[in-house]
Amino acid sequence: MAATMLLHKRRAFKFEDEVRLLWLDRQALREGVYIDIEAKTFINQVMITPHASSAETADIKREMKTFGVPCLASGVLKSPR
């Protein structure tokens, strides 16, 4: 049930053409999992959660810059002016 809720897409965001990946395993905790894909072929933008710290946001942007994929920090939690 938890996995289903994590993959649920709200109607307000139906216009987004996105893919979500949820990977669950019982292996020992790992730093990361390597998935052999050509990022630029499949990913044209990364939207960064508004809950990410500025350091995490900078890390994500730096990593994706290697692949030429633009990153945007979500402003969904910012109050309208």
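Residues numbered from 1 in each chain as written. Predicted model: local features only at pLDDT ≥ 70, side-chain atom pairs only at ≥ 80, totals over all residues. Heavy atoms only, no water.

**Topic: the overall build of the protein chain**
Regarding its fold elements, the protein chain presents 3 helices and 2 strands. Listing each helix as α and each strand as β along the protein chain from the N terminus yields α-α-β-α-β. Classification of the 81 residues of the protein chain by burial places 12% in the buried group. Within the protein chain, residue pairs in contact and separated by at least 24 positions form 48% of the contacts whose partners lie at least 6 positions apart. (Helix = DSSP H or I, 4+ residues; strand = E, 2+ residues; numbered from the N terminus. Buried < 20%, exposed > 50% of the residue type's maximum accessible area, 1.4 Å probe, protein only. Contact = heavy atoms within 4.5 Å.)

**Side note on the confidence of the model for the protein chain**
Across the protein chain, the average pLDDT comes to 79, with 86% of residues at 70 or higher. For the protein chain, helix α1 (residues 2-6) is the element with the lowest average pLDDT, namely 69, and helix α3 (residues 54-65) is the one with the highest, namely 90. (pLDDT = per-residue confidence, 0-100.)

**Re the side chain of Ser74**
Examined against the element boundaries, Ser74 turns out to sit in the segment after β2 (71-73). Once you skip the residues sitting within four places of it in the chain, Ser74 turns out to touch Met47, Ile48 and Pro50.

**Structural notes on the pattern of salt bridges**
A full pass over the atoms with the stated rule returns 1 salt bridge. For Asp59, the salt bridge identified is with Arg62, shortest N-O distance 3.0 Å. One end of the pair is Asp59 and the other is Arg62, both in helix α3 and 3 residues apart, which spans about a single turn. (Salt bridge = Lys/Arg side-chain N within 4 Å of Asp/Glu carboxyl O.)

**Overview of a nonpolar patch on the surface**
A grouping of Val33, Ile35, Ile37 and Phe42 is seen on the molecular surface, where their side chains present a nonpolar patch of about 380 Å² in accessible area. Within the element layout of this structure, Ile35 appears in the loop between α1 and α2 (39-42). (Patch = residues over 30% accessible without salt bridge, like charges linked within 9 Å, V, L, I, M, F, W, Y side chains within 5 Å. Areas by Shrake-Rupley, 256 points an atom, 1.4 Å probe, with all protein chains shown as cover.)

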